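Remarks on the overall topology
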Amino acid sequence: MTPHDEYKKRATQAGLLPLISLHHHVMDRIFVDFADGFSFDDVLGQTATDPEIVSIPSIAENPNRAKLVVIRAIEGLVSVGMLNEIVADTKRYRFAWSPYEAGQ
């Protein structure tokens, strides 16, 4: 099961509005590319250079639009319990779900 599949399952159970494939792409990249947690800036830096994201006409290589996609993807994962927020000097996130636990 992919992270975005797990998100969809949990979001449906919680009655949350669906996200678009762009958000799901960011979710999958978060779980693949980061191991021990990450900061918002880590994900934003990765997203701002991801050709699958920045080449989309609605993003049009605009860093503020990419930032909105990252914000919404992280908020979605936190809202369904797949990420935990860690508040220290800078806000970081810790994984609360693993694709390996779900029998991928």
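These numbers come from a predicted model, not from an experiment. (Residues numbered from 1 in each chain as written. Predicted model: local features only at pLDDT ≥ 70, side-chain atom pairs only at ≥ 80, totals over all residues. Heavy atoms only, no water.)

**Examining the confidence of the model for the chain**
Test applied: Confidence per residue, as judged by the predictor, is encoded in pLDDT with a range of 0 to 100. Only DSSP runs of H or I reaching four residues or more are called helices, and only runs of E reaching two or more are called strands; each is numbered from the N terminus.
This prediction gives the chain a mean pLDDT of 89; 96% of its residues lie at or above 70. Mean pLDDT values over the elements of the chain span from 84, in strand β3 (residues 91-95), up to 95, in helix α1 (residues 3-14).

**Considerations on the nonpolar core**
Using the following cut-off: Grouping buried Ala, Val, Leu, Ile, Met, Phe, Trp, Tyr and Cys residues that are joined through side-chain atoms within 4.5 Å yields what is termed a nonpolar core. For every residue, the accessible area obtained with a 1.4 Å probe (protein chains only) is divided by the maximum for its type, and the residue is called buried under 20%, exposed over 50%, and partly exposed between those limits.
One finds Ile 30 and Phe 38 to be the most contacted residues of the largest nonpolar core, which totals 26 residues. With 6 residues, the single largest contributor to this core is helix α5 (residues 63-79).

**Remarks on the pattern of salt bridges**
Put simply, the rule is: We define a salt bridge as a side-chain nitrogen of Lys or Arg found within 4 Å of a carboxyl oxygen belonging to Asp or Glu.
Counted under the stated rule, the structure contains 5 salt bridges. For the salt bridge of Glu 6 with Lys 9, the shortest nitrogen-to-oxygen distance reads 3.4 Å. Here Glu 6 pairs with Lys 9, and both are found in helix α1, just 3 residues apart, close to one helical turn. Judged by its relative accessible area of 5%, Glu 6 is buried. For Lys 9, a relative accessible area of 39% corresponds to the partly exposed category. Between Arg 10 and Glu 6 there is a salt bridge, with the nearest N and O atoms lying 2.7 Å from each other. Of this pair, Arg 10 and Glu 6 both sit in helix α1, separated by 4 residues, roughly a single helical turn. Each member of the pair, Arg 10 as well as Glu 6, carries the same accessibility label: buried. Through salt bridges with shared partners, a single network forms among Glu 6, Lys 9 and Arg 10.

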